[in-house]
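Summary of structural features
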Amino acid sequence: MSLFVLLLIVLIIADVIIRIFIKKYEESKLRKEREAVLAEVVKVDYGKEVKTLKRAEVQNPKARILCVDDEDVVLDSFRKILVLDGYSVDTVNSGPEAITLVQSHHYDFVFTDLKMPEMDGVEVTKTIKHLRPDIDVIIITGYATVESAVECMKYGAMDYVQKPFTEDELLDFTKKCLIKRQERIKKQLKPRVHISHLPETEKIGRGEFSIPGGVFISANHCWAAITEDGAARIGIDDFAKKIVGKIDNIEFPNLGMTIKKGQTLFSLIQKNRVIKFASPLSGQVKAINNELRENIDLLDITPYGKHWICTLDADNLESELAELKIGKSAVAFYQEEIDRYLETFKDKVKSANGTESSFSGIENLEDKDWYLVAGSFFEK
C-alpha cells in the first residue's frame, strides 16, 4: 500500500471521527439548552382568564404544543419529555384556559385530557376544531375511557394517547402525529393561482402562480397583453417558466416577419433541447425585446410585464382574443394544468431533481421525458 493511499485512509478516518465528535457536541449542547429551558419554566401572567399557564419554549421547535390537564403531574411529564426532544410546550389546567389561548396563539397540537371538571375533553375538542380547525387535537385518556376518546375523533380529534405512558411511547406517538400533520398540510397546500399586480422587480414565489390582471393566456402558455397603440406584446407565462426552469437561450422571431396564429413564433432552448411556442395571435413582428435577449435571467424575476419576448402588430385581435383566457377563466385553466402536471409528471421531475418540490424545473429530465412534458403543455 502506497504512502498516499495510507494517508488518504487516515484522513478519511479522521474526518469521520471529527464529524461524530461535532455531532455529539452539538447534541449535548442542544440538550443542555433544553434542560435549561425546563429548569426555568416560565409561569406566564396572562390575566384572570388564564391563571395556570406555564411556558417552555425552545429554539426552532419541531412543533408548538398546548397540553391541558387538571393534574400537574401529567403536565410535568409532558413538558419534561417533549421539551427535551425539541418541542415548545405550554400547559394549563382547564379547558376554558386552553380555549382562550388558541384564539390568540398558534399551536400545532392541543393535547387535552378527556376527564376534567368545568369543561371536558369532548367540549375542548369541539370548540377548538370550530375556532381553529388548523390545530390538531389529541385526546389524553385512561384505559376506561378509550371508547369516549374514539368518540372525540368524530368531532375532529386526530388521535388519542393512553396514560400512563412511557417516555419512548409518548415520543414515538408525538412523532407519528407530527408526520401525519405534515403530510396532511402538504396535500392541502396546493399551488396557489392568483391574479396579481406585482411590481416587475418582485419575484413570484415558487409555490404560487401569478397571472397579471388584463393579460390573456393561450393554451400553450404564452401570454398576450394589448398596448395603448393596439399592438400585442407576447411572452411565456408563469406556468411555462416554472415548469421549464432555467432557460439557456431564446430563439427570437425576425423583425418584420408575418405570423399566423398557431405557427412557431419563438423557441426556448435548454441544454440544446428546443421547445417551440406557437403564436397566440396573427400579425407582423414589430419589435423584439433586446433587454431580455441580453439578460435571459430577467425571466427569473417575472416572465410578465417588461420581460415580453416580442410585439405583434396584430391582424385579427377581436376574433383571436376571444379564444384566449383571461381573469377567472385563466385561473381555472391554470389550476387544471397544475393538477394534470402533478398527476402525470411530478414523480418523474422529483426523481430527476432529487427534491421534494412539486415544481422543480424539467432541466434534469432525460430527453424522452423532457420532450414528453414539453409536448404535453407547450407545443400544442
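The paragraphs below set out a description of the structure included in this document. (Residues numbered from 1 in each chain as written. Predicted model: local features only at pLDDT ≥ 70, side-chain atom pairs only at ≥ 80, totals over all residues. Heavy atoms only, no water.)

1. Comments concerning the packing of aromatic side chains
Summed over the entire model, instances satisfying the criterion amount to 17 aromatic pairs. Between Trp223 and Tyr304 the ring centres are 6.0 Å apart and the planes differ by 55°, which places this aromatic pair in the tilted class. Taken together, the positions of Trp223 in strand 11 (residues 222-226) and Tyr304 in the loop between helix 8 (290-294) and strand 18 (310-314) put the pair 81 residues apart, joining distant regions of the chain. No difference in accessibility class separates Trp223 from Tyr304, as the two residues are buried. Among the aromatic side chains, those forming a connected cluster through ring pairs are Phe209, Phe239, Phe266, Phe277, Tyr334, Tyr341, Phe345, Phe377 and Phe378. One cation-aromatic arrangement involves Lys126 over Tyr155; the distance from NZ or CZ to the ring centre is 4.5 Å. Seen from the ring of Phe109, Arg181 lies directly overhead, with NZ or CZ sitting 5.7 Å from the centre. (Phe/Tyr/Trp six-rings, centres within 6.5 Å; stacked < 30°, edge-to-face > 60°. Helix = DSSP H or I, 4+ residues; strand = E, 2+ residues; numbered from the N terminus. Buried < 20%, exposed > 50% of the residue type's maximum accessible area, 1.4 Å probe, protein only. Lys NZ or Arg CZ within 6 Å of the ring centre and 35° of its normal.)

2. With respect to the packing of helix 3 (residues 95-102) against helix 4 (residues 121-131)
Between helix 3 and helix 4, the shortest axis-to-axis distance is 10 Å and the interhelical angle comes to 10°. Relative to helix 4, the element helix 3 lies roughly parallel. For the pair formed by helix 3 and helix 4, the contact residues are Gly95, Ile99 and Val102 on the first element and Val124, Thr127, Ile128 and Leu131 on the second. Considered class by class, the residues forming the contact of helix 3 with helix 4 number 5 nonpolar, 2 polar and no charged. (Axes fitted to C-alpha atoms, helices over the stretch in contact; angles between N-to-C directions. Parallel < 35°, antiparallel > 145°, perpendicular 65-115°, else oblique. Contact = heavy atoms within 4.5 Å. Nonpolar A, V, L, I, M, F, W, Y, C, P; charged D, E, K, R; others polar.)

3. Comments concerning the sheet that holds strand 12 (residues 232-236)
Strand-to-strand pairing in sheets goes through backbone hydrogen bonds, with the strands running parallel or antiparallel. Strand order in this open sheet of 6 strands is 10-11-12-18-17-14, and the pairing throughout is antiparallel. Two strands in the sheet have a free side with no partner beyond their single neighbour: strand 10 (216-217) and strand 14 (258-259). Where strand 11 lies against strand 12, 5 bridges are found, and the strand directions are antiparallel. Paired with Ile226 across the two strands is Ala232, which belongs to strand 12. (Pairing = 2+ DSSP bridges.)

4. Quick notes on the sheet that holds strand 16 (residues 273-278)
Taken in spatial order, the 3 strands of this open sheet run 13-15-16, and their pairing is antiparallel. Two strands bound the open sheet, and with one partner strand each, they are strand 13 (249-251) and strand 16. On average, each strand axis in the sheet is tilted by 25° relative to the strand beside it, whichever way the strands run. Sheet topology note: the strand 15 (residues 264-270)/strand 16 ladder contains 6 bridges and is antiparallel. Bridging across to strand 16, Ile269 finds its partner in Val274. Helix-sheet contacts for helix 12 (residues 367-377) involve strand 15 and strand 16, and the interaxial angle to strand 16 is about 10°.

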